[in-house]
Amino acid sequence: MSAPAPMERQSGTDGDPVLAPTNVLVVGVGGQGVIMVSKMLAELCLQHDIQVKQSEVHGMAKRGGAVFSHVRFGSEIHSPTIPVGQADILLALEWAEGLRWLHYLNPESGTLFVDTQQIIPPFSCRNRKRGASFDYVYKTVEQVKEHIPNAFALDATRLATELGNLRTANTILLGMLSTALEFQPQEWQSIIARTVPPKTVEVNREAFELGRNWVQSESSEHHVQLLAPAPVQDHVEVKVELEITEDWCKGCDICVKMCPERILVLNRNEIVEITDPAACTGCRLCEWLCPDMAISVHVTPVEAET
Amino acid sequence: MTKATAAQHQDDSIAPTANAKLRPLMGNEAIARGVWEAGAKVGSAYPGTPSTEILESLGEFPAEDVDAQWATNEKVSIDVAIGASFAGVRAMCAMKHVGLNVASDSLMSQTYIGVNAGLVLVVCDDPGMHSSQNEQDTRVFGQFAMVPVLEPSDAQEAKDFTKRAFELSEQFDTPVIVRSTTRLSHCRSPVHLGEREEHASIGFKDIPSKNVTLPAHARVRHPLVLERELKIQEYLNTSDLIRWERGSTEVGVITLSTCYTYVREVVPGASILKLGVSYPLAQDVVRRFCDSVDRVVVVEELEPVIERELRIMGIAAEGKAFFPRIGEFSPEVLRAGFHKAGIIKDLPKTHSIEIAGVARPPVLCAGCSHIGTFMAMRAINARVMGDIGCYTLGAIEPLKAIDTCVAMGASIGVAVGMAKGGATDRPVVATIGDSTFLHAGIPPLIDAVYNKANITVLLLDNQTVAMTGGQDNPGTGRTLRGEQTHRLDFEQLVRAVGVKWVKSVDSYNLASLYQACREAAQYNGVAVVISNRPCVLDPVKIKGTPFEVRAESCTACQACMNLACPAISWIDELFDGHHKVKIDQATCMGCSMCAQVCPTDSIQLSGAAP
């Protein structure tokens, strides 16, 4: 692994540096600070009188959705968004979000900086079938590096926790990002110091150094521990059947209220009935809770039948 | 989600640097700056993404310069601005595109009246519907109302055009629309700051034939509106608002708004006519431009407004044949379009890496009071008419408790119709948030009582406008600038319109919430349940002792997963083939709803004795 080449500046005719557009895509999950990170970068550009545009979409950000911010800077910037395939740098605050936007990277020269922390949304845990797996991406860092040679994956969130301040994870990433851009480390440090709460300036300074040094040390150690629960192995296909003994049901409604799949109802005779047998997961709550033992749940392996 | 909201609250607080005259501003902030620099005295708006930050930013300027206030809805906001213009001071109202539907009644009259001091509407469209229920094109409204529509392409122009809008408004005696889009409103780029021009009040002009829209007066005014259109067209033919950038004569591109920036990026060699004003069309200069090139391509997001105008002028313009009429534009969309048109040859290479993304739709927050109310809707098997707000998220799995959602404030009226229409096999319930209720929910509630409808209204009072980021409203008792004001009492209001059955409940107490909803559904007439837990994010982030899962007794029944709480997810450990669950300690705010639905008492306060 080698540190990415800093962006190139060419001298213009009047002595001012002419800057080819640099495209940085910052991505993450709502609430992580994607917009804060990109604002700091934009502010830095402004200090150098470099034209900069930063584009994001708000609204859903607070509610845990995917968040992205395009930062483009150079001598002349038109579109506020980065065209697909033209991002020089993808800075990802979460593992799956990094993977989501990989196609934005320049296929020849794009660099990925990614925090390998995994934020698993409730949507990933929705499948009620037996043996269901998490709906999350199971790519490893090595698999990603096959496609993106310039990939720098670090468990920044864990390292930040070890530093004693979880919120410095983004600063570690800024330290990593700083190796690919020409701004001086002290410029980054000063903007970070002006942005973070005063009490945390010192720990953020450390965090920035940590990220920067890690990339520059050409370390091959990722500090990565992919925590996403592994797909369930060796589960057996089963058939689930509910047996209701109507004579014993007195219509107390307990199973109807408690069924997690909400597929039990009382029929016209105040007797429990299943509305969608295919949706029954066989969790047995109704069987256990029924005071009259009117419900039995039969779970049989599919193979056993054949 | 551990680093959550604290970082977010810092978002707006980067200290300014030495170069104070050049500041990075979001499009919306630039518009607010333009309003302030133009010397406007009154600004009014109802929050709505992507327009919300305009009034919030205006509220950061000194109170003695400009009155910035939240209106109860967009109709009120335009009326307030109209009133201020009548009074003799420059005034602005801001809204999202669908807000203009609400405000349009006044706009359609005001266009005949014209203005006294400058009157500017800022309307933010949402192509691609990042956060809206439709993607209507405000330019069509501009044509309809015969009101000029200005189209800035970046933050600098957003500020400059806003100032120009006030000038045009006064020069041509017309309200003026400044049209933004999500991409402009939420894009940050450097803006040269200017000073504020002070405009003393010109006073009210007592001209009844202009100011009072009687039919007799309006008949005189209408021809003047048509004349005005011609005058503005003539003005635009020589105005710098229309910019001709000479390039290759093979292709001429007519474009506007942020589309211009994409055009510059994708076909840098083409001749470009950049329209700073989309209505009325500067016909002379457009015709000269079209005559100067071999082929005319129109690049405009959403409706083919300009393309149609060109066709009417007999110009063989192309546009929607290559560029979609739906969704948001981007350099990629334009590249594909110009490729299809044969204007660019090769598409750039991109990564071929195939990774199925993680579905990450927005969800209700951990501890959101709406979770309980939609669980209650499921419990009573209600037919639910939803409304616009965070709680619209109650429509998606696994809460999946909303059957219809139409527009701001529509829920109660739709519920009345549903009940009258005979769909009464299940209880008919309207769910509506506090601010949406004040926006457009009161007249339909009066209607429901008046017409003796048998419906239940669930008023979700989370004491803020949560969806747009926690703005104040009459129910919070604070103004936009944070001053104390009268705090509206919802229960009193509901009783005053004649509702006899009203009950306030704690949305975290599921048993009493279910019971209240059940009783309300059984009541024959209009029943109102007010659920009253505050939003967990705004105005302050609420964090209590979190709950934890005792994995040894968890039977993986997934009952807690029905809450769709972002703090609850699976662990590797299985029980009878299903994943047991865990609660993220940093995200959980201790609402206790999951503990209430857990049938095995496996969810307990963290640190409590086993």
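Computed from a prediction, not measured in an experiment: that's the story for all the values here. Position numbers for residues start from 1 in each chain and track the written sequence from start to end. Throughout, the order in which chains and ligands are written sets their labels, letters from A for the former and numbers from 1 for the latter. Given that this is a predicted model, residues contribute local features only at a pLDDT of at least 70 and side-chain atom pairs are listed and counted only at 80 or more, while totals for whole chains, interfaces and linings are drawn from all residues. By convention in this description, side-chain values take in all heavy atoms of the structure and omit both hydrogens and water.

1. Looking at the overall build of chain A
Piece 1. By the criteria applied, helices consist of DSSP H or I runs no shorter than four residues and strands consist of E runs no shorter than two, each listed in order from the N terminus. Looking only at helices and strands, one finds 10 helices and 12 strands in chain A.
Piece 2. Residue contacts are counted whenever heavy atoms from the two residues lie within 4.5 Å of one another. Partitioning the intrachain contacts of chain A with sequence separation of at least 6 by distance along the chain shows that 66% fall at a separation of at least 24.
Piece 3. In the form shown here, chain A has an accessible surface area of approximately 12800 Å², with 51% of it arising from carbon and sulfur atoms. Method for areas: the Shrake-Rupley scheme with a 1.4 Å probe, in which residue coverage is limited to the protein chains shown.

2. Notes on helix α4 (residues 74–87) of chain B
All names here are of chain B.
Piece 1. Multiplying 1.5 Å by the helix residue count minus one yields the expected span of that helix. With 14 residues, α4 should cover 20 Å at 1.5 Å per step; its first-to-last C-alpha distance of 20 Å lies within 8% of that length.
Piece 2. Think of it in three bands: with a 1.4 Å probe and only protein chains considered, a residue is buried below 20% of the maximum accessible area for its type, exposed above 50%, and partly exposed in between. Of all the positions in α4, only Glu74, Ser77, Ile78, Ala81, Ile82, Ala84, Ser85 and Phe86 are classed as buried.
Piece 3. Looking at the buried side of α4, the elements it contacts are β2 (42–45), β4 (91–96), α5 (97–113), β5 (119–125), α9 (208–211) and α17 (434–450).
Piece 4. With a side-chain oxygen lying 2.9 Å from the backbone nitrogen of lysine 75, the N-terminal cap of α4 falls on asparagine 73.
Piece 5. Directly beyond the C-terminal end of α4, a positive phi value near 110 degrees is found at glycine 88. Think of a polar contact as two N or O atoms within 3.5 Å of one another; within protein, one of them needs to be a possible hydrogen donor and the other a possible acceptor, and neighboring residues in sequence only count if both atoms come from side chains.

3. Structural notes on the sheet that holds strand β14 (residues 383–385) of chain B
Residue and element names in this part refer to chain B.
Piece 1. Strand order across the open sheet formed by 5 strands is β14-β15-β16-β18-β17, with parallel pairing between neighbours. Edge strands, defined here as strands with exactly one partner in the open sheet, are β14 and β17 (501–505). This sheet shows a mean twist of 20 degrees between the axes of neighbouring strands, independent of strand direction.
Piece 2. For two strands to count as paired, DSSP must find a minimum of two bridges between them. As judged from the 5 bridges shared by β17 and strand β18 (residues 527–531), these two strands associate in the parallel manner. Bridging from a neighbouring strand, tryptophan 501 pairs with alanine 527 of β18.
Piece 3. Axes, fitted as lines to C-alpha atoms, cover a helix only where it is in contact. Angles between the N-to-C directions of the axes lie from 0 to 180 degrees. Helix α19 (residues 510–522) rests against β16 (456–460), β17 and β18 of the sheet, and its axis sits at about 170 degrees to β17.

4. Looking at the pattern of salt bridges
Piece 1. A carboxyl oxygen of Asp or Glu within 4 Å of a side-chain nitrogen of Lys or Arg is what we treat as a salt bridge. Under the definition given, this model contains 52 salt bridges over all chains.
Piece 2. Glutamate 170 of chain B is the partner of arginine 90 of chain B in a salt bridge, and the nearest nitrogen-oxygen pair spans 2.8 Å. With a gap of 80 residues between them, arginine 90 of chain B in the loop between α4 and β4 and glutamate 170 of chain B in helix α7 (residues 155–172) connect regions that are remote in the sequence.
Piece 3. Its relative accessible area of 34% is what places glutamate 170 of chain B among the partly exposed residues.
Piece 4. Arginine 311 of chain B is the partner of glutamate 307 of chain B in a salt bridge, and the nearest nitrogen-oxygen pair spans 2.7 Å. Here glutamate 307 of chain B and its partner arginine 311 of chain B are both found in helix α13 (residues 305–312), 4 residues apart, which amounts to about one turn of the helix.
Piece 5. When its relative accessible area of 5% is taken as the criterion, glutamate 307 of chain B is described as buried.
Piece 6. A single network of salt bridges, built from pairs that share partners, joins Glu76 of chain A together with Glu157, Arg243, Glu245, Arg264 and Lys274 of chain B.

5. Describing the sheet that holds strand β6 (residues 89–92) of chain A
Piece 1. Strand order in the open sheet formed by 8 strands is β8(A)-β7(A)-β6(A)-β3(A)-β5(A)-β4(A)-β8(B)-β1(B), and the pairing between neighbours is mixed. On the outer flanks of this sheet lie β8 (151–154) of chain A together with β1 (22–26) of chain B, each paired with one strand and no other. Across the sheet, the mean angle from the axis of one strand to that of its neighbour is 20 degrees, orientation sign disregarded.
Piece 2. Note that β6 of chain A and strand β7 (residues 111–115) of chain A share 4 bridges and pair parallel. Residue pairing in the sheet places leucine 91 of chain A in a bridge with phenylalanine 113 of chain A of β7 of chain A.
Piece 3. Contacts from helix α5 (residues 169–178) of chain A reach β3 (22–29), β6, β7 and β8 of chain A, with the element oriented near 160 degrees to β7 of chain A.

6. Re the interface of chain A and chain B
Piece 1. The interface of chain A with chain B comprises 97 residues on the first partner and 90 residues on the second.
Piece 2. At the junction of chain A and chain B, the tally comes to 9 salt bridges.
Piece 3. One salt bridge in this structure joins arginine 23 of chain B and glutamate 43 of chain A, with 3.5 Å as the shortest N-O distance.
Piece 4. In this assembly, chain A and chain B are joined by 19 residue pairs in polar contact (both at pLDDT 80 or more).
Piece 5. Where the side of chain A that touches chain B is concerned, the elements lending two or more residues are α1 (34–47), β4 (51–56), β5 (66–74), α2 (95–100), α5, α6 (185–195), α8 (254–258) and α9 (285–289) of chain A.
Piece 6. Among the elements that line the side of chain A that touches chain B, the one with the most residues is α1 of chain A, at 7 residues.
Piece 7. Classes in brief: Ala, Val, Leu, Ile, Met, Phe, Trp, Tyr, Cys and Pro nonpolar; Asp, Glu, Lys and Arg charged; the others, Gly included, polar. A breakdown of the residues in the side of chain A that touches chain B according to their chemical character gives 43 nonpolar, 29 polar and 25 charged.
Piece 8. Summarising the sheet, β4 of chain A and strand β8 (residues 187–192) of chain B pair through 2 bridges and their orientation is antiparallel. Considered in β8 of chain B, the bridge of serine 55 of chain A is made with cysteine 187 of chain B.

7. A word on the nonpolar core
Piece 1. Ranked by size, the top nonpolar core spans 115 residues in total, and within it Leu102 of chain A together with Met377, Phe437, Leu445 and Ile455 of chain B carry the most contacts.
Piece 2. It is α19 of chain B that provides the largest number of residues to this core, a total of 6 residues.
Piece 3. Among residues more than four places away in sequence, those in contact with isoleucine 455 of chain B are Ile412, Ala415, Val416, Ala419, Val428, Ala448, Gly525, Val526 and Ala527 of chain B.
Piece 4. Residues belong to one nonpolar core when they are buried, are Ala, Val, Leu, Ile, Met, Phe, Trp, Tyr or Cys, and are joined through side-chain atoms within 4.5 Å. One finds Ala158, Leu241, Val286 and Ile306 of chain B within the second-largest nonpolar core, a separate group that totals 57 residues.

8. Quick word on the confidence of the model for chain A
Piece 1. In this model, chain A carries an average pLDDT of 85, and 86% of its residues clear a pLDDT of 70 or more.
Piece 2. The secondary structure element of chain A with the lowest average pLDDT is strand β1 (residues 9–11) of chain A, at 42, and the one with the highest is β6 of chain A, at 97. A score between 0 and 100, pLDDT records how confident the predictor is in each residue.

9. Observations regarding the environment of lysine 129 of chain A
Piece 1. Topologically, lysine 129 of chain A is positioned in the loop between β7 and α3 (141–147).
Piece 2. Sequence separation between lysine 129 of chain A and glutamate 246 of chain A is 117 residues, and the spatial gap between their C-alpha atoms is 27 Å.
Piece 3. Beyond its immediate chain neighbours, meaning those up to four positions away, lysine 129 of chain A contacts Ala278 and Cys280 of chain A together with His578 of chain B.
Piece 4. A polar contact is formed between the side chain of lysine 129 of chain A and the backbone oxygen of alanine 278 of chain A, at a distance of 3.1 Å.

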